[in-house]
Amino acid sequence: MVSFEIVFLVAIVAGFFGAMTGLGGGTVIVPVLTLLGVDIKMAIAASMVSVVATSCSAAAMYVRQGLVNLKVGMYLEMFTVVGAVIGASITLASGRQFLFVAFGAVLIAAGISLLIKQRLSLESPARDQQDRFSRWLGLAGSYDDRAEGRRIIYYPTRAGLGGALMLIAGMIAGLLGIGAGAFKVMVQDLAMGLPTKVSTSTSNMIIGVTALAGTSVYLSAGLVEPNLAVPVILGVVVGAFIGTLLLVRILNETIRSYFVVVVILIGVVMIVQGFP
Amino acid sequence: MTRRSLDLNRVVWSILLVGLIVSIALIIAGLIWLLLTAGTFEPLPAITAINLLEFVVYVAGNAGTGETGPAFLIYSGIAVLLFTPFARVLASTLYFALKEHNWKFTCITGFVLTVLMVILLLV
């Protein structure tokens with residue numbers, strides 16, 4: 001077993017990278033722990049617990065700022081919790097090679113999608129473009145945009161499609177012990193037409209409940225090893241805090257892209273590990 | 001934003017923040033206690049295959065019998081952390097039902113709550 005101190009330090013770096021890229025600490029901590037010799041299923045379980053902590057921290061901040069659309073989040077949670085349980089159950093039944101390859105493929109896909117998304121400029125749907133189901137749910141919302149100095153009103157649409165896609169995002173989260181925030185944000189942006197600030201912050205709230213569902217499956221399977229989970233929780237929270245501070249103060253999108261490229265390379269390493 | 005949604009924001013924010021602070025404080029306090037008494041961070045007793053309710057009962061049981069120690073504090077922190085999102089969903093369901101009388105979202109959050117209870121208590 002790797003020592004507490006080493007896991008703690010690794011988790012700080014993972015939390016830092018996770019905040020920089022917007023992919024979350026789990027995407028880095030799981031690959032690094034496996035490189036240190038930790039069993040991938042135990043690494044996934046420890047990561048899943050830490051995702052609950054980072055989600056609570058980020059969601060609390062965003063909710064206070066009024067950026068989270070609570071109704072959209074709570075509606076989509078219906079699908080992600082079910083997906084997370086299915087995903088975590090698949091992990092329990094899967095071979096380790098499959099998990100390495102799946103993790104690597106998801107990291108590469110998430111990284112590439114982030115790089116593409118940085119270059120996209122999306123328009124939120126107008127009121128009359130909102131579909132009947134989304135209107136019936138009452139998902140419209142608003143927030144104060146400090147950069148633009150005005151209040152933005154938005155009308156999410158295609159809630160049915162969003163829910164179905166969120167089931168898949170929840171499965172990925174439960175399967176790999178990550179928040180799968182990149183996918184959740186993309187579903188809300190591209191399928192439902194939410195402004196990116198709202199989808200990013202709402203995604204953080206959804207991640208906590210999704211991770212709780214996955215964690216409970218791993219807990220009951222005896223995969224939550226406290227000597228691993230505790231330093232991972234603390235390290236990822238500290239690293240994410242440092243990363244968030246730096247992100248808002250000194251970094252631009254170009255530097256952020258370099259971090260995303262590193263994550264893609266980690267994905268390649270994971271796939272290679274899956275083919276011994 | 002309406003006054004009502006602002007209230008729900010405050011409820012959610014308070015639960016997440018208090019849950020996170022209490023859980024991290026308990027874990028850190030337990031680790032410091034462990035370091036002072038044992039001189040090292042390891043090893044913590046393993047958590048055997050149990051569901052979350054059994055885990056909480058185990059932690060509370062130790063507190064009830066006075067068998068507290070560093071591991072008790074650390075496990076209490078993990079239990080508080082895991083129950084924080086659950087408490088948020090529970091509070092949201094109650095808010096939609098009792099304050100807003102919004103039955104659509106009472107059902108939606110109630111569904112999430114039911115799924116969580118099934119997994120947390122029965123898996």
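What counts and what doesn't
- Residues numbered from 1 in each chain as written.
- Chains lettered and ligands numbered in written order.
- Predicted model: local features only at pLDDT ≥ 70, side-chain atom pairs only at ≥ 80, totals over all residues.
- Helix = DSSP H or I, 4+ residues; strand = E, 2+ residues; numbered from the N terminus.
- Buried ≥ 20, exposed ≤ 12 C-beta atoms within 10 Å, placed from the backbone.
- Contact = placed C-beta atoms within 7 Å.
- Pairing = 2+ DSSP bridges.
- Nonpolar A, V, L, I, M, F, W, Y, C, P; charged D, E, K, R; others polar.
- Core = buried A, V, L, I, M, F, W, Y, C linked by C-beta atoms within 7 Å.
- pLDDT = per-residue confidence, 0-100.
- Expected span 1.5 Å × (residues − 1).
- Bend = angle between axes of the 7 residues up to and from the residue.

**A few points about the overall build of chain B**
Okay, so step 1: Per the secondary structure count, chain B includes four helices and zero strands.
Okay, so step 2: In sequence order, chain B lays out its α and β elements as α-α-α-α.
Okay, so step 3: Counting across all 123 residues of chain B, residues that qualify as buried make up 37%.
Okay, so step 4: Sequence separation of 24 or more characterises 69% of the internal contacts of chain B that already satisfy a separation of 6 or more.

**Examining the pairing of strand 1 (residues 141-145) of chain A**
Okay, so step 1: Strand direction decides the pairing type here: strand 1 of chain A and strand 2 (residues 150-154) of chain A, joined by five bridges, are antiparallel. Bridge pairing in strand 2 of chain A links A:Gly141 to A:Tyr154.

**Describing the interface of chain B and chain A**
Okay, so step 1: In this assembly, 43 residues from chain B lie in contact with 40 residues from chain A.
Okay, so step 2: Of all the secondary-structure elements, those providing two or more residues to the side of chain B that touches chain A are helix 1 (3-38), helix 2 (52-64), helix 3 (70-99) and helix 4 (103-122) of chain B.
Okay, so step 3: The biggest single contributor to the side of chain B that touches chain A is helix 1 of chain B, with 11 residues.
Okay, so step 4: Across the side of chain B that touches chain A, the residue classes tally to 33 nonpolar, eight polar and two charged.

**Description of unusual backbone geometry**
Okay, so step 1: Phi angles above zero are rare outside glycine, and A:Arg158 is one such case at about 50 degrees.
Okay, so step 2: Locating A:Arg158 in the fold gives a position in the loop between strand 2 and helix 7 (159-176).
Okay, so step 3: Under the C-beta neighbour-count criterion, A:Arg158 is labelled buried, with 20 such atoms within 10 Å.
Okay, so step 4: Phi at B:His101 is positive, roughly 50 degrees, even though this residue is not glycine.
Okay, so step 5: The topology assignment puts B:His101 in the loop between helix 3 and helix 4.

**Considerations on the nonpolar core**
Okay, so step 1: In terms of nonpolar packing, the biggest core is built from 139 residues, with A:Ile233 and B:Leu116 touching the most fellow members.
Okay, so step 2: When residues in this core are grouped by element, the largest group, 17 residues, is from helix 3 (residues 40-64) of chain A.
Okay, so step 3: Filtering out sequence-adjacent residues up to four positions away, A:Ile233 remains in contact with A:Val49, A:Ser50, A:Ala53 and B:Ile27.

**Structural notes on the confidence of the model for chain B**
Detailed reading of predicted coordinates is not advised where the pLDDT is low.
All names here are of chain B.
Okay, so step 1: With 85% of its residues at a pLDDT of 70 or more, chain B has an overall mean of 84.
Okay, so step 2: Helix 2 is the least confidently modelled element of chain B, averaging 71 in pLDDT, while helix 3 averages 92, the highest of any element.
Okay, so step 3: Scoring the predicted complex yields pTM 0.87 and, for the interface, ipTM 0.87.

**Some remarks on the environment of A:Ser50**
Okay, so step 1: Topologically, A:Ser50 is positioned in helix 3.
Okay, so step 2: In this structure A:Ser50 touches A:Gly25, A:Gly26, A:Ile29, A:Val232, A:Ile233 and A:Val236, once residues within four positions along its chain are discounted.

**Let's talk about helix 4 (residues 70-93) of chain A**
An α-helix turns once per 3.6 residues; consequently, residues spaced three or four apart project the same way.
Residues and elements named next belong to chain A.
Okay, so step 1: Over its 24 residues, helix 4 runs 34 Å from end to end, which matches the ideal 34 Å to within 8%, given 1.5 Å per residue.
Okay, so step 2: By the largest-angle criterion, Glu77 marks the main kink of helix 4, which is about 35 degrees.
Okay, so step 3: Most of helix 4 sits inside the fold, with 19 of its 24 residues counted as buried.

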